[in-house]
Each structure stands twice: as C-alpha cells, then as structure tokens.
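Understanding the architecture of this molecule
Below, each chain spelled out in residue letters.
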Amino acid sequence: MLGVGSMGGAILSGLRAPGVQIPKPISVTTKSARSAAEFDGAADVVALASETDPEANRTAVKGAGLVILAVKPWMILDVAREIADALEPGVIVVSVAAGVTCASIEAALPAGVAVVRAMPNTPSLIGRGVTGIAGGSAASEADIDTVKALFETVGSAIVVRESQINDVAAVSGSGPAYLFLYVEEMIAAAKRLGFDEDQARLLAEGTVTGAAELLARSGEDPAQLRRNVTSPKGTTEQAIFVLQDANWGELFDRALAANVRRSEELAAE
Ligand SMILES: NC(=O)C1=CN([C@@H]2O[C@H](COP(=O)(O)OP(=O)(O)OC[C@H]3O[C@@H](n4cnc5c(N)ncnc54)[C@H](OP(=O)(O)O)[C@@H]3O)[C@@H](O)[C@H]2O)C=CC1
Ligand SMILES: O=C(O)[C@@H]1CCC=N1
C-alpha cells in the first residue's frame, strides 16, 4: 500500500486484524521517515519512507499481486508513473483517490494493467467500512471480485459503475465526517444548556454510538426507529419540527452536490 495516512492507515489496520487472511508482511510506504517509523518492530508490516529512500514505492510493489494507491489525489498520477515499470505482470492497481479516473491512472501505467477504483471510508479501521468499487477498462470481473473480497475483509463493499464513484464518495466516503460534525454540534449545544465537557460528550457520543448500534443490530428501518422515539404530542416531536423546518433534504442535496463537484475538479487538476 502506497500511502498509509487516515484512509490507507484505516484499511491497513483492518487488514492487520486477527483472522484476516491476506499474505503478510504487507509492504507500505509513507513520505516521511517519522510516519514509517510507526511500524518499527511490527512483524506483519514492512514500511519504507519515500523521502529517505527514493526507491521506496518501487521496492514496495515488487512481488505484489495487488497494489493500493492511498496518497492524496493530486499525487496519484506521479506515484503511478513512478512505479509503472516496477509492477509485476498481472498486478491489480487499486486507487482510493477521490476524483481521479481509472482512465487517467491507466494512462500513467503500462498498457493493459488492471486498474480498479475503490471508495472506502475510515470505519474500515474497525472492520465496519463501506466501500464502492468500480473497474477500469482493463479490469476483469475476477479482478473486481478480488478487490471486493479484499475490502469485505474490512467491512461491506458494493460494485458500482465508475460514473457512480463520486456519488459513493459524497455519501459514504465522506459520510463519517458529516456524522462527526453532528456529534460536535450536539456536544456544543449540550454545553450551552449547562453541561460540562465530560457530561456533554457522554450524552452526545453515547447517544450517537448507541443509536448507530441499535440501527445496525435491530435491522429496523431508520424512520421506524425515529418514530419509536417520537411520541405523538411529546417532546421529540417538537425538536423534529424545528429540524425539519431547516429542510434537511435540500441541505443534504446541496452538500452532496458540492462534494461531487469537488471530485470532478480533482479529476481535472
Ligand atoms: N480520509 C478519508 O476518509 C478518505 C480518503 N480517501 C482518499 O484516500 C487518499 C489518502 O487520503 P488520506 O489518507 O486522507 O491522506 P493522508 O494525508 O492522511 O495520507 C497520505 C499518505 O500518503 C503518504 N505519502 C505522501 N506522499 C507520498 C509518496 N510520494 N509516496 C508514498 N507515500 C506518500 C503520507 O505519508 P506521510 O505521513 O509521511 O506524510 C501519508 O501516509 C486520498 O486520495 C483520498 O481521496 C478516500 C476515502 C476516504
Ligand atoms: O475529503 C476527501 O477528499 C476524501 C475523499 C472521501 C473522504 N475523504
């Protein structure tokens, strides 16, 4: 895996979990020696830093049947060009970068290399990721199945058309940030009601994690779970009226559209 920051690191942690069957050690690269040093002493990871070892990325892909590119979108093509002639025959190159298309990655690699885009999210860290997967022109069904199976080791995965990957990014790739923002705002509002920081965090975080777990475990429709809390003529109903007044549907449409627009800009940068 080339790049093990927030996203690559989350995937890597999921892949290192006990019981996950993939070939070890996993070769990873970072930019800085400091980031690579975080893996010092790990038996299942070999980490190289590109700033101290200019061959790091090329060394990491030697012998690899699958390479995950998890650097920032604006670096993906440079890294792809850098590793192009060090890739093994039959390798699958997976990019998790927002925006950057399979076609542009294919153009940076030798002809015929299978490129697959994956749009994961950070709960992959705890085996609860959600990933959308789309193959490029040289990726076979078997290649896509291989990538899907890999991401299923760290959560759930669906195969989509590449034209839908930016939408996946807008919904689930970035989705954890929307929920964390909600928790931040709920904590701030609880503090304005007079709770101290610890109390506000316990109330807001406990509610969100408990409600998320209830949603996951009950298998109930979220609207039904909401109705279960919302007694007719009760207190929740009053808060829901205020929230619905803010037109969340339109707000989400605008937020997701802005997200997709940024993916399209990244593709062009
Ligand atoms: N964060 C998220 O929730 C999601 C991110 N993505 C995508 O994942 C990709 C990575 O994003 P994110 O993890 O947030 O970014 P980070 O900045 O957290 O991580 C980037 C990683 O790339 C490393 N790096 C930088 N330059 C090089 C290089 N030349 N060679 C090898 N490694 C290098 C960095 O090393 P160092 O630590 O030394 O700087 C770091 O490990 C992006 O393309 C993004 O679009 C997709 C879905 C969700
Ligand atoms: O913010 C970003 O660009 C990345 C892509 C999806 C989530 N994080």
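Because the structure is predicted, anything quoted here is derived from the model rather than measured.

Our next topic: the overall build of the chain. Of regular secondary structure, the chain possesses 12 helices and seven strands. Structurally, the chain occupies a C-alpha span of about 70 × 40 × 35 Å along its principal axes. The long-range fraction of contacts in the chain, counting pairs at least 24 apart against all pairs at least 6 apart in sequence, stands at 61%.

Quick look at the site of ligand 2 now. Near ligand 2 you find A98, A169, G173 and S174, and these make up its full shell. Split by residue class, the shell around ligand 2 holds two nonpolar, two polar and no charged.

On to unusual backbone geometry. Cis geometry is adopted by the peptide bond preceding P25, which originates at K24 and carries an omega value of 0°. Considering the arrangement of structural elements, one finds P25 in the loop between α1 (6-16) and β1 (26-30). The backbone of K233 shows a phi angle near 65°, a positive value even though the residue is not glycine. With respect to the helices and strands, K233 occurs in the loop between α10 (222-229) and α11 (235-245). Non-glycine residue N247 carries a positive phi angle of around 55°. With respect to the secondary-structure elements, N247 resides in the loop between α11 and α12 (248-268).

Let us look at the UniProt feature "domain: Pyrroline-5-carboxylate reductase dimerisation" (unreviewed entry) in the chain. When the UniProt feature table is mapped to this numbering, "domain: Pyrroline-5-carboxylate reductase dimerisation" (unreviewed entry) covers residues 162-266. Taken end to end, residues 162-266 is 83% helix and 0% strand, and its first and last C-alpha atoms sit 15 Å apart.

Pairing within the open sheet is mixed, and its five strands lie in the order β3-β4-β5-β6-β7. Strands with a single pairing partner mark the edges of an open sheet, and in this sheet they are β3 (66-69) and β7 (155-159). Ignoring strand direction, the axes of neighbouring strands in this sheet form an average angle of 25°. Two elements, strand β4 (residues 92-95) and strand β5 (residues 114-119), share four bridges in a ladder whose sense is parallel. From the neighbouring strand, I92 faces β5, where its bridge partner is A114. Sitting on the sheet, helix α6 (residues 141-152) touches β3, β4, β5, β6 (129-135) and β7, and the angle it makes with β6 is about 170°.

The environment of ligand 1 is made up of 28 residues, and the closest members are G3, G5, S32, S35 and A97. Those elements that place two or more of their residues in the shell around ligand 1 are α1, β1 and α4 (73-83). When grouped by side-chain class, the residues that make up the shell around ligand 1 number 13 nonpolar, 13 polar and two charged.

A few words now on α12. Between the first and last C-alpha of α12 there are 30 Å, a value that for 21 residues agrees with the 30 Å anticipated at 1.5 Å per step. α12 sits mainly on the outside: two of its 21 residues count as buried.

Conventions used here
- Residues numbered from 1 in each chain as written.
- Chains lettered and ligands numbered in written order.
- Predicted model: local features only at pLDDT ≥ 70, side-chain atom pairs only at ≥ 80, totals over all residues.
- Helix = DSSP H or I, 4+ residues; strand = E, 2+ residues; numbered from the N terminus.
- Contact = placed C-beta atoms within 7 Å.
- Near = placed C-beta within 6 Å.
- Nonpolar A, V, L, I, M, F, W, Y, C, P; charged D, E, K, R; others polar.
- UniProt positions renumbered as here; feature names shortened; annotations may be inferred.
- Pairing = 2+ DSSP bridges.
- Axes fitted to C-alpha atoms, helices over the stretch in contact; angles between N-to-C directions.
- Expected span 1.5 Å × (residues − 1).
- Buried ≥ 20, exposed ≤ 12 C-beta atoms within 10 Å, placed from the backbone.

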